[in-house]
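A closer look at the structure
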Amino acid sequence: SAVVTTWEISVYDLAFKPDGSQLIIAAGLRVLVYDATDGSIIQPLKGHKDIVYCVAYAKDGKRFASGSADKSIIIWTSKLEGILKYTHNDSIQCVAYNPVTHQLASCSSGDFGLWSPEQKSVNKHKVSSKITCCGWTNDGQYLALGMMNGVVSIRNKNGEEKVKIERPGGSSSPIWSIAWNPSKDEHNDILAVADWGQKLSFYQLSGKQIGKDRTLTYDPCCVGYFSKGEYIVMGGSDKQASLYTKDGVRLGTIGEQNSWVWTCRVKPDSNFVVLGCQDGTIACYQLIFSTVHGLYKDRYAYRDSMTDVIVQHLITEQKVRIKCRELVKKIAIYRNRLAIQLPEKILIYELYSDDSSDMHYRVKEKICRKFECNLLVVCSQHIILCQEKRLQCLSFNSVREKEWVMESLIRYIKVIGGPPGREGLLVGLKNGAVSTPRRSILTQSNHRSGSHAHMSEPNANSVAWNTQCEDMLCFSGNGYLNIKASNFPVHQQKMQGFMVGYNGSKIFCLHVYSMSAVEVPQSAPMYQYLERKMFKEAYQIACLGVTDSDWRDLATEALEGLDFETAKKAFIRIRDLRYLELINSIEERKKRGENDNDLFLADVYAYQGKFHEAARLYKRTGHESRALSMYTDLRMFDYAKEFVGVTDPKSSRMLMTKQADWAKSSKEPRAAAEMYLSAGEHLKAIDIIGEHGWADMLIDIARKLDKAEREPLAKCALHFKRLKHHGYASETYSKMGDLKALVHLHVETRHWEEAFSLVEKHPQFKNDVFVPYAQWLAENDRFEEAQKAFHKAGLQNEAVKVLEQLTQNAVVENRFNDAGYYYWMLSMQCLDIAKGKIEEQRGEMLKKFERFQHLAELYHVYRSIQRYTDEPFSSHMPDTLFNICRFLLNNLTKDMPPGISKVNTLYALAKQSRQLGAYKLARYAYEKLQELHIPSRFQESTELGSLTIRSKPFHDKEDLIEGMMCYRCSTNNPLLNNHGSVCINCRQPFIYCASSYDVLPLVQFYLEEDISDEDALSLIDLEVPHTDQRAARWQDIDNGDLQSLRMDEGLDDEEEDPFTAKMSFEQGGSNFVPVKVSRSVLRAMSRRDVLIKRWPRPLKWEYFRSLLPEVSITMCPTCFKMFHSEDYELLVLQHNCCPYCRRPIDEPN
């Protein structure tokens, strides 16, 4: 459509106000303002003295500008008042407003200016050629200028050139019009350039060309985009305006004129195009884009962007785009064929595969001819063209095979199927007739069997049968969709658009340009069939698509209607195994000849939870027992009792038992227990109460039970034990009179006091109490108490075993201090046991005593060496460590005790010997170390030591050797002795201080055979007259526990001592000759000079005489170890006990 206004003067430019309400036109010396809605002129504006060449409106709609050959620019407000005028040196060619900043670019033949309202002056920039056109990018950052010399110059907001595009024709193809694509969807800014080399080109902002030049058949004067950038309008010397795609594909003519078209513009956000011509004509056209589409079952093909075809699969929602790059005129689709008519040809596509969801099309045939037709239809091997009354059938090779002429205009054609090449057509004519050109095939059309239903629907605009269920149709109209099944009432729901197909549960609906598949649940018609108990038909409808709850309703209704086949299919759909099992069992029973429908229905009701209906039916069919078992299984005992009635005592008893059993397995155990108690089932009740730990309830039962009922009482007691209710358990056992169980209870619960008091009254349980008590004490590290307990139980061997085990553990864990202590305790234990044994066993125990005493001492000293080698700091003085190492090496036999390391001992000895000046001994230690496997941590130190020791003299310090003097024969002994801790000359054993391991000035002596320990003691205690003068020098300290010798001033005894005479022996003898003393010698001894180890029987006492009475020596009264008195006192203060046997200082001897 066109509105045409004509002036005698040329129209060079026009512009729309951004809201589309006004149109500004450059006509002669004036600027004309039109109302865009009705084409009436609002006002001509005067202000220019020469032809107005260009106009432009600001994006915000507040002002517009005009440029003229009089070299001036006038800025006008939207109220049509001129507010500013500025000039250039040449005539103005074009103006353009920045869409963002509203800066105005004005271009003349020699320069361009940039003006913004906040600036006083206009910034002008010279150019080398006449500017013909200009345009800003959408973001207002860049300005493109088109020039006469074929150059497009792209400038930034300050006018600096950023990109220069040179057209191949140069000045022979001047740029006449440019436009930026306004689309917001494009990723890049796209510039359309039209030049008088008769080319249309597209460029990116970077200057890179997009695609190839499009050749035109005329000189273009103007190029403009639609508001969304999807189409281009162009006009020029061909005296018409043409429509192009955004890629430059010509779609057709908009309007033809009698002279050149200088300008064309699209009204914002509309399909109106306005042209301005050389002869003064202004024409306005409205473009109408018709829908071009085709539908076959679930495939819908439609035109997009005028040159593309999109095929949409309505079920899977897949889409595929076919680019034709030419105007698409018609589309037809049928099965796997798709026909597209273009201006000069028809393309026929086919699907790659027969897959129903395949969307890949390929070109099968091209018919390169121009056809004029109203309708296009495609079949398997033909295309049908319709032009008014004529139908033509062409093969794909464009051979015309048939032609029909109808009596009226053809409005609609549909292929209704048939074998390939012989399909049937339905043709709808304008006069209301429906005709079929191939009658032989028409038998496929829907002749409904049976009676014909007639209905009138005043607003129906389309109707379709359901392709999957021939009893259903739907029709649309007036914004509603109507679904009709069989001869039931119509189901209605809202729907926008035009219904074009009905497939299963999907209805295809065309709304404006878009086709969509609307999912319509078929619930309404399904329920209509269910109401009539038409289960098979309802199932068919459900198969088209209903919800899960609809399926369940169908299944349930069919089951209650005893249509087991339909019910089974429906339950399979919702995967309900319970009901499927029921149906299977009913079918099996039917096969076996059962045919009582009431009984089947009773089972169905029971499954559905309609228990009372089921019970009534069971009763009616004579199956009361089933009803009873149903109620009891469901724990509905009240209903069951009601059902049975009071009459039947046997059933009532059975109910009672069942109820109790249920209560036990249910989540109400207290009720269950009470029920069992009332039924006299004590054991079951006790089990339940015990399991749940209700002790109060349990003790009530135990107290009520008679003591003769031993089994329930025993169970009660067991539960009390498990629940740790010691008092209740002992009360129960006492009631039963089960003393042994009571003893075991006290032992298990560690209530020793009660156990002991019970043993006092009943000694036969002694072993049952003391053995576990001793084991418990031993486990809790209370060994001395454990020992006593084992003794009480008469199990000395057990005591030894426990201690041996603990000793072994201490050795393994390197707790050598504890190991020494445990061995000492073991030795004393053996001595204790030896007392009561017969002769042979006593000998064995005494051997053990000797061995354990020896081991105790070894571990006691090794503790110091281990601490020296393993810990960073040592608390011992070097000479103490030196003595300890020598003592240990002297006493180590061939079989090394476990845990004691010879390497550590030699290493410590080597280090201390070197420090104290015993260089010969250090060499010996290093040589011995070389023979052994040395740990890596000592390796370097040992190798270095054995090298550097060679620089030292090959002898030991004198005072060290003097320290090893024998107090019996005065021989200086070597520092290490092969014979052990005895003198090499007289074989007299050395007595060591148990803390510093110095040799003490003591000599052991023995009594002659006829003197007993008591005699010896009384003889020594006799004060002989000649010792009176010495009494002043001695101070005797005897506090009952400790025996100490101390001298006040050291005057030599000038008299001959009879003991020294006894000490002499034959030189050179290899056997040890002990010192034996007679009564006279004993009488001559002072009590203060003698130390006695008073061993218990069967051991003999040991006697020691001090040869240096001024040296104060203390002996521990428990372990009989000798110490220098000051060492002992210090150690006792530190540890609060003897360092060797750990006897507390306050313990009486």
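Residues numbered from 1 in each chain as written. Predicted model: local features only at pLDDT ≥ 70, side-chain atom pairs only at ≥ 80, totals over all residues. Heavy atoms only, no water.

**Describing the overall build of the chain**
For the record, the criterion: Where helices and strands are cited, they refer to DSSP runs of H or I of at least four residues and of E of at least two residues respectively, numbered from the N terminus. Residue exposure (1.4 Å probe, protein chains only): buried if accessible area is under 20% of the type maximum, exposed if over 50%, otherwise partly exposed. We call two residues in contact when some of their heavy atoms are within 4.5 Å.
Looking only at helices and strands, one finds 32 helices and 58 strands in the chain. Scored against the burial criterion, the 1149 residues of the chain give a buried share of 50%. Intrachain contacts of the chain at a sequence separation of at least 6 include 44% that bridge at least 24 residues.

**Focus: the side chain of S913**
Mapping S913 onto the fold places it in helix 24 (residues 902-916). Overall, the relative accessible area of 0% leaves S913 in the buried class.

**Quick word on helix 24**
Note the threshold: To estimate how far a helix should reach, multiply one less than its number of residues by 1.5 Å. Nitrogen and oxygen atoms within 3.5 Å of one another constitute a polar contact, given that in protein one can donate a hydrogen and the other can accept it, and given that sequence-neighbouring residues count only through two side-chain atoms.
The end-to-end C-alpha separation of helix 24 is 21 Å, in line with the 21 Å expected for 15 residues at 1.5 Å each. In terms of burial, helix 24 is largely enclosed, as eleven of its 15 residues are buried. Against the buried residues of helix 24 lie helix 22 (839-870), helix 23 (878-891), helix 25 (919-931), helix 26 (936-948) and helix 27 (958-962). Where helix 24 starts, the residue carrying a side-chain oxygen 3.3 Å from the main-chain nitrogen of V903 turns out to be S901.

**Here's the deal with the packing of aromatic side chains**
Threshold: Here the aromatic set is Phe, Tyr and Trp, taking the six-membered ring for Trp, and pairing holds for ring centres within 6.5 Å; pairs whose planes are under 30 degrees apart are stacked, those over 60 apart are edge-to-face, and all others are tilted. Any Lys NZ or Arg CZ that is within 6 Å of a ring centre and within 35 degrees of that ring's normal is treated as a charge sitting over the ring.
In the structure shown here, the tally under the stated rule is 29 aromatic pairs. Pairing W196 with W260 gives two aromatic rings, centres 5.9 Å apart and planes at 80 degrees, and the pair type is edge-to-face. Placement of W196 in the loop between strand 19 (190-195) and strand 20 (199-204) and of W260 in the loop between strand 25 (250-256) and strand 26 (261-266) is noted, with a sequence separation of 64 residues between them. By relative accessible area, which is 23% here, W196 ends up partly exposed. With a centroid separation of 4.6 Å and 75 degrees between ring planes, the pair formed by W1095 and F1120 is classed as edge-to-face. With W1095 in the loop between strand 55 (1090-1093) and strand 56 (1102-1106) and F1120 in the loop between strand 57 (1113-1115) and strand 58 (1122-1124), this residue pair connects regions lying 25 residues apart in the sequence. Judged by relative accessible area, F1120 falls into the buried class, the value being 7%. One aromatic cluster in this structure is built from Y12, Y53, W176, W196, W260 and W262. Sitting over the ring of Y1140, K1121 keeps its end group 4.9 Å from the ring centre.

**A look at the pattern of salt bridges**
Basically, it comes down to this: Salt bridges are identified by distance alone: a Lys or Arg side-chain nitrogen within 4 Å of an Asp or Glu carboxyl oxygen.
Summed over all chains, the structure comprises 27 salt bridges. A salt bridge links D213 to R167; the shortest N-O distance between them is 3.2 Å. Note that D213 is positioned in strand 21 (residues 209-215) and R167 in the loop between strand 17 (161-166) and strand 18 (175-180), a separation of 46 residues in sequence. R167 sits in the buried class, given a relative accessible area of 4%. Among the salt bridges present, the one from R337 reaches E350, with a minimum N-O distance of 3.1 Å. Placement of the pair is R337 in strand 34 (residues 337-341) and E350 in strand 35 (residues 346-351), with a sequence separation of 13 residues. The network of salt bridges with shared partners includes R167, D195 and D213.

**Thoughts on the environment of I41**
Considering the arrangement of structural elements, one finds I41 in strand 5 (residues 41-45). On the accessibility criterion, I41 (38% relative accessible area) is partly exposed. Separated by 17 residues in the primary sequence, I41 and I24 place their C-alpha atoms 9.9 Å from one another.

**Let's talk about the sheet that holds strand 2 (residues 11-16)**
This is how it is decided: Here, a strand pair is defined by DSSP locating no fewer than two bridges between the strands. Every axis corresponds to a line fitted to the C-alpha atoms, with the helix fit spanning only the stretch in contact, and the corresponding angles, defined between N-to-C directions, vary from 0 to 180 degrees.
One open sheet holds the four strands; their spatial order is 2-3-4-5, and the pairing between them is antiparallel. Because the sheet does not close on itself, it has two edges, and the strands there are strand 2 and strand 5. Direction aside, neighbouring strands of the sheet carry axes that sit 20 degrees apart on average. Taken together, the four bridges between strand 4 (residues 30-35) and strand 5 define a ladder with antiparallel strand orientation. Opposite V31, over in strand 5, you have L45 as the bridge partner.

**Section: the packing of helix 2 (residues 535-544) against helix 3 (residues 548-560)**
Let me state the cut-off plainly: Roughly parallel refers to an angle under 35 degrees, roughly antiparallel to one over 145, roughly perpendicular to one between 65 and 115, and oblique to any angle outside these ranges. By convention, the crossing between two helices is left-handed when the near helix turns anticlockwise from the far helix through less than a right angle, and right-handed when the turn is clockwise. Only Asp, Glu, Lys and Arg are considered charged in this grouping, and only Ala, Val, Leu, Ile, Met, Phe, Trp, Tyr, Cys and Pro are considered nonpolar; every other residue, Gly among them, is considered polar.
Direction vectors running N to C along helix 2 and helix 3 enclose 165 degrees, while the axes themselves pass 11 Å from each other. Accordingly, the angle class assigned to the pair helix 2 and helix 3 is roughly antiparallel. Here helix 2 and helix 3 pass one another in a crossing that is left-handed. Between helix 2 and helix 3, the contacting residues are F535, A538, Y539, A542 and C543 on the first element and W551, L554, E557 and A558 on the second. In terms of residue class, the contact of helix 2 with helix 3 is built from eight nonpolar, no polar and one charged.

**Details of the sheet that holds strand 29 (residues 293-296)**
The strand order 29-30-31-32 describes an open sheet built from four strands, whose pairing is antiparallel. Pairing within the sheet leaves two strands with one partner each, and these edge strands are strand 29 and strand 32 (319-323). Across the sheet, the axes of successive neighbouring strands diverge by a mean angle of 15 degrees, strand direction being ignored. In terms of strand pairing, strand 29 meets strand 30 (residues 299-304) through four bridges, oriented antiparallel. Counterpart to L295 in the pairing with strand 30 is Y300.

**Observations regarding the packing of helix 22 against helix 24**
Packed helices, taken two at a time, are described by the angle their axes make and the gap between the axes. It is at 9 Å that the axes of helix 22 and helix 24 come closest, and there the two elements cross at 75 degrees. Considered as vectors, helix 22 and helix 24 are oriented roughly perpendicular to each other. Residues Y862, I865, Y868, T869 and D870 of helix 22 pack against N904, T905, Y907, A908, K911 and Q912 of helix 24. Residue composition of the contact of helix 22 with helix 24, by class: five nonpolar, four polar and two charged.

**Some remarks on the nonpolar core**
What counts, and what does not: As used here, the term nonpolar core means buried Ala, Val, Leu, Ile, Met, Phe, Trp, Tyr and Cys residues forming a set that is joined through side-chain atoms within 4.5 Å.
Core analysis: the biggest nonpolar cluster contains 85 residues, and W824, Y859, F882, L888, L1002 and M1122 have the highest contact counts within it. Here this core gets twelve residues from one element, more than from any other, and that element is helix 21 (residues 816-836). Each residue touching W824, except ones within four places of it in the same chain, is listed here: Q853, A856, T1118, C1119, Y1140 and C1141. Membership of the second largest hydrophobic core comes to 46 residues, among which are I322, Y334, V377 and W404.

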